[in-house]
Amino acid sequence: PPFVDFRDVWLAYNEELLRANHFAVEGIDLQVKRGEFIAIVGPSGCGKSTFMKLTTGLRMPSMGRILIDGQPVTGPLKISGMAFQASSLLPWRTTVENVLLPLEIVEPYRSSFKQKKKEYEERARRLLQKVGLAGYEDKFPWQLSGGMQQRASICRALIHEPKMLLLDEPFGALDAFTREELWCILRDLHAEQGFNVILVTHDLRESVFLADSVYVMSKSPGRFVAKREIEFPRP
Ligand code: ADP
Ligand code: ADP
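Residues numbered from 1 in each chain as written. Chains lettered and ligands numbered in written order. Predicted model: local features only at pLDDT ≥ 70, side-chain atom pairs only at ≥ 80, totals over all residues. Heavy atoms only, no water.

Caption draft 1: Examining the overall build of the protein more closely. A tally of regular secondary structure across the protein gives seven helices and ten strands. Taken along its principal axes, the extent of the C-alpha atoms in the protein is 50 × 45 × 35 Å. Counting over 235 residues, the protein shows a buried share of 51%. Carbon together with sulfur atoms contributes 54% to the accessible area of the protein, which is approximately 11800 Å² in total. Positive and negative charge centroids in the protein, built from 31 and 29 side chains respectively, lie 3 Å apart. (Helix = DSSP H or I, 4+ residues; strand = E, 2+ residues; numbered from the N terminus. Buried < 20%, exposed > 50% of the residue type's maximum accessible area, 1.4 Å probe, protein only. Areas by Shrake-Rupley, 256 points an atom, 1.4 Å probe, with all protein chains shown as cover. Lys, Arg positive; Asp, Glu negative; His and termini not counted. Charge placed at Lys NZ, Arg CZ, Asp CG, Glu CD.)

Dropping the structure here:
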């Protein structure tokens with residue numbers, strides 16, 4: 001069965017919009033295989049963020065059905081990790097403390113956080129090393145460059161070993177060199193750990209470089225109008 005399964009999903013953001021038949025997305029149908037890396041491209045306002053909110057259970061559909069890993073989505077999903085354009089690291093916490101945050105919040109880690117803190121911290125440090133942040137573990141966000149902050153927020157998104165990583169324009173604010181470096185890191189992490197990735201991006205090169213399939217969302221109805229599978233070897 002697909003890992004992500006949208007069947008004719010519609011969303012109006014409130015009652016008034018629903019009565020006016022004003023939907024932010026109209027009839028999304030999408031099936032994503034387990035472990036697949038997909039990218040979604042499309043113009044501003046077409047419904048990409050709405051799709052992400054539905055996928056993580058931050059919003060419930062007005063109509064239609066969403067299954068993630070075979071389960072109906074009934075509320076915010078803890079099997080996913082998220083990173084956005086702004087890294088949103090907490091400024092009063094060090095890099096490693098920021099990365100640990102999900103383990104303090106999400107079960108089954110939360111209940112054993114106090115006892116296992118040392119072990120979790122080791123895990124966070126290993127992950128930070130893997131993305132090239134060795135030596136920056138105990139610095140504060142303001143002591144890191146934008147690219148380093150994004151690496152840290154990707155680590156934070158992955159620390160609780162989620163089955164799915166959701167990325168909304170995560171590299172948009174970075175210079176071209178840093179961006180391509182992060183592409184490679186993300187591609188390696190995905191190849192190694194096999195989680196699903198949903199990447200929203202405005203950068204077509206990025207989508208083709210990273211994703212197994214690229215979906216194009218159309219302006220007015222927020223439907224997927226095209227799907228392109230990327231063949232190996234990649235460009
Ligand atoms: P994108 O991420 O592709 O820019 P969005 O999902 O943010 O698109 O928006 C899709 C549509 O839903 C737009 O018309 C937008 O104005 C509307 N929308 C988004 N968020 C809200 C909200 N919280 N309340 C009402 N309308 C919203
Ligand atoms: P993005 O940068 O992904 O396109 P937007 O600028 O569309 O995001 O939205 C920024 C925030 O404002 C989101 O949280 C979204 O839910 C909210 N929002 C967007 N459009 C509307 C709207 N028409 N009414 C109310 N809230 C909205």
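Structure shown, so let's carry the discussion forward.
Caption draft 2: Broad picture of helix H4 (residues 113–130). Along H4, the largest kink reaches about 40 degrees and is centred on Glu 119. Within the sequence span of H4, burial applies to Phe 113, Tyr 120, Glu 121, Arg 123, Ala 124, Arg 125, Leu 127 and Leu 128. In this structure, the buried residues of H4 make contact with helix H3 (95–105), helix H5 (146–158) and helix H6 (176–193). (Bend = angle between axes of the 7 residues up to and from the residue. Contact = heavy atoms within 4.5 Å.)

Caption draft 3: Layout of the site of ligand 1. Neighbouring ligand 1 are Tyr 13, Ala 24, Pro 43, Ser 44, Gly 45, Cys 46, Gly 47, Lys 48, Ser 49 and Thr 50. A distance of 3.2 Å separates an oxygen atom of ligand 1 from a polar atom in the backbone of Cys 46. Between ligand 1 and Ser 49 there is a distance of 2.6 Å, counted from an oxygen atom to a side-chain nitrogen or oxygen. Protein burial of ligand 1: of its 550 Å² of free accessible surface, 61% is covered by the chains. (Near = heavy atom within 4 Å. Polar contact = N/O pair within 3.5 Å; in protein donor to acceptor, adjacent residues only side chain to side chain.)

Caption draft 4: The packing of aromatic side chains, seen in detail. Scanning all chains against the criterion turns up five aromatic pairs. For the ring pair Trp 10 and Phe 23, a centre distance of 5.0 Å and an interplane angle of 80 degrees mean the geometry is edge-to-face. Within this pair, whereas Trp 10 is found in strand S1 (residues 4–11), its partner Phe 23 is found in the loop between helix H1 (15–19) and strand S2 (25–32), the two being separated by 13 residues in sequence. Take Phe 23: its relative accessible area is 9%, and that puts it in the buried class. The interplanar angle of 80 degrees and the centroid separation of 5.7 Å between the aromatic rings of Tyr 109 and Tyr 120 together place this pair among those described as edge-to-face. Within this pair, whereas Tyr 109 is found in the loop between H3 and H4, its partner Tyr 120 is found in helix H4, the two being separated by eleven residues in sequence. (Phe/Tyr/Trp six-rings, centres within 6.5 Å; stacked < 30°, edge-to-face > 60°.)

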